[in-house]
Amino acid sequence: MNDAAELFDDWARRGRDQGMEDGHFPRAEAILQALAPQPGERVLDLGCGNGWALEWLARRIGPEGMALGIDLAPTMIAHARARESAGPKEQPSRTPLEFLRASFEALPLAESSRDLIFSMEALYYAEDLDAVLKECRRVLAPGGRLGIGMDFYRENEDCHSWPEELGLSMQLLSASEWEMRLRAAGFEITRSFRSLDPRPLPADAPAALRTFRKEVGSLAIIARRP
Ligand SMILES: C[S@@+](CC[C@H](N)C(=O)[O-])C[C@H]1O[C@@H](n2cnc3c(N)ncnc32)[C@H](O)[C@@H]1O
């Protein structure tokens, strides 16, 4: 396990995976929608945490699709599997979710075996980001889409202290640097935007939270494998 997975394993043991779901979903939803998942597609969530985004995707791809979540932290995978087995048994409109403990730096998947890859708040923990992006391109079928969402990026100045606060080495890139790295890995950029949080702010919200949710937002990039 690497340092990031150890940290997030600890977070999952403390129940903080639920906090990430609640905090990330409002900005992730626009990215998931932009990916336009279709019935029967094979989808993959990298750094899937407790599996909330895969659940969203599974409802769109229906029973003919395939949904796989990958995370390196064993407790995240345990929570995701527990949640899946606790879910309604009879859900004919949704595909069963599978979860695998593995690193997104070496995906245990065949070439061209997926139609859509989603990843929220995870890829910047990569030790070798270019290797991860190449892996994404390898496992996507031609025409396949990649959608990534990040709160840790250069234009969001309030996040620059995170590596020190978390004690982790993290990839701090600007929007144009992310696009460049994706192009170098063989992707075309379809769309790059900031995903803001549509929830109303609490009346007593601190200024930094207001700015992040309503002006800065998550960096969202949709790319396509030609
Ligand atoms: C900030 S959490 C986000 C989890 C989830 N996507 C969400 O938004 O709630 C980052 C996740 O990436 C996972 N992760 C970090 N490095 C990884 C790697 N090399 N391979 C797979 N997962 C990794 C962590 O274990 C953690 O669950």
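Residues numbered from 1 in each chain as written. Predicted model: local features only at pLDDT ≥ 70, side-chain atom pairs only at ≥ 80, totals over all residues. Heavy atoms only, no water.

### Describing the side chain of E55
Then step 1. Along the chain, the position of E55 falls in helix α3 (residues 52-61).
Then step 2. The class of E55 is buried, set by a relative accessible area of 17%.
Then step 3. Among the polar contacts listed, one links the side chain of E55 to the side chain of R83, at a separation of 2.8 Å.
Then step 4. In contact with E55, other than residues within four places in its own chain, are R83, R94 and L97. (Helix = DSSP H or I, 4+ residues; strand = E, 2+ residues; numbered from the N terminus. Buried < 20%, exposed > 50% of the residue type's maximum accessible area, 1.4 Å probe, protein only. Polar contact = N/O pair within 3.5 Å; in protein donor to acceptor, adjacent residues only side chain to side chain. Contact = heavy atoms within 4.5 Å.)

### A short note on the site of the ligand
Then step 1. Residues in close proximity to the ligand total 18 residues, the closest being H24, G47, W52, D71 and M120.
Then step 2. At 3.2 Å from a nitrogen atom of the ligand is found a main-chain nitrogen or oxygen belonging to L72.
Then step 3. Contact distances for the ligand include 3.1 Å between a nitrogen atom and a side-chain N or O atom of S103.
Then step 4. Protein contact buries 99% of the 600 Å² of open area that the ligand shows by itself. (Near = heavy atom within 4 Å. Areas by Shrake-Rupley, 256 points an atom, 1.4 Å probe, with all protein chains shown as cover.)

### Description of the layout of surface pockets
Then step 1. Estimates place the volume of the largest pocket at around 850 Å³.
Then step 2. Together, 42 residues line the largest pocket, and F8, M20, H24, E121 and Y125 are the ones closest to its centre.
Then step 3. Looking at the lining of the largest pocket, the elements that each hand over two or more residues are α1 (3-13), α2 (16-35), α3, β2 (66-71), β4 (114-120), α6 (162-166) and α8 (207-216).
Then step 4. Broken down by element, the residue count for the lining of the largest pocket peaks at 8 residues, all from α2.
Then step 5. Broken down by class, the residue content of the lining of the largest pocket amounts to 23 nonpolar, 8 polar and 11 charged. (1 Å grid on protein atoms, 1.4 Å probe; cavity = no way out; pocket = protein on both sides within 12 Å on 5 of 7 lines; lining within 4 Å. Points joined across faces, edges and corners; volume = space filled by probe spheres on them. Nonpolar A, V, L, I, M, F, W, Y, C, P; charged D, E, K, R; others polar.)

### Considering a negative patch on the surface
Then step 1. A cluster of acidic residues, D3, E6, E127 and D128, forms a negative patch at the surface.
Then step 2. If you trace the backbone, E6 turns up in helix α1.
Then step 3. Classification of E6 by relative accessible area gives partly exposed; the value is 45%. (Patch = residues over 30% accessible without salt bridge, like charges linked within 9 Å, V, L, I, M, F, W, Y side chains within 5 Å. Salt bridge = Lys/Arg side-chain N within 4 Å of Asp/Glu carboxyl O. Lys, Arg positive; Asp, Glu negative; His and termini not counted. Charge placed at Lys NZ, Arg CZ, Asp CG, Glu CD.)

### Notes on the packing of α1 against helix α4 (residues 74-86)
Then step 1. Packing of α1 against α4 brings their axes to within 7 Å, and their N-to-C directions diverge by 40 degrees. Considering the angle they form, α1 stands oblique to α4. For the pair α1 and α4, the contacting residues are F8, D9, A12 and R13 in the first and P74, T75, M76 and H79 in the second.
Then step 2. When grouped by side-chain class, the residues that make up the contact of α1 with α4 number 4 nonpolar, 2 polar and 2 charged. (Axes fitted to C-alpha atoms, helices over the stretch in contact; angles between N-to-C directions. Parallel < 35°, antiparallel > 145°, perpendicular 65-115°, else oblique.)

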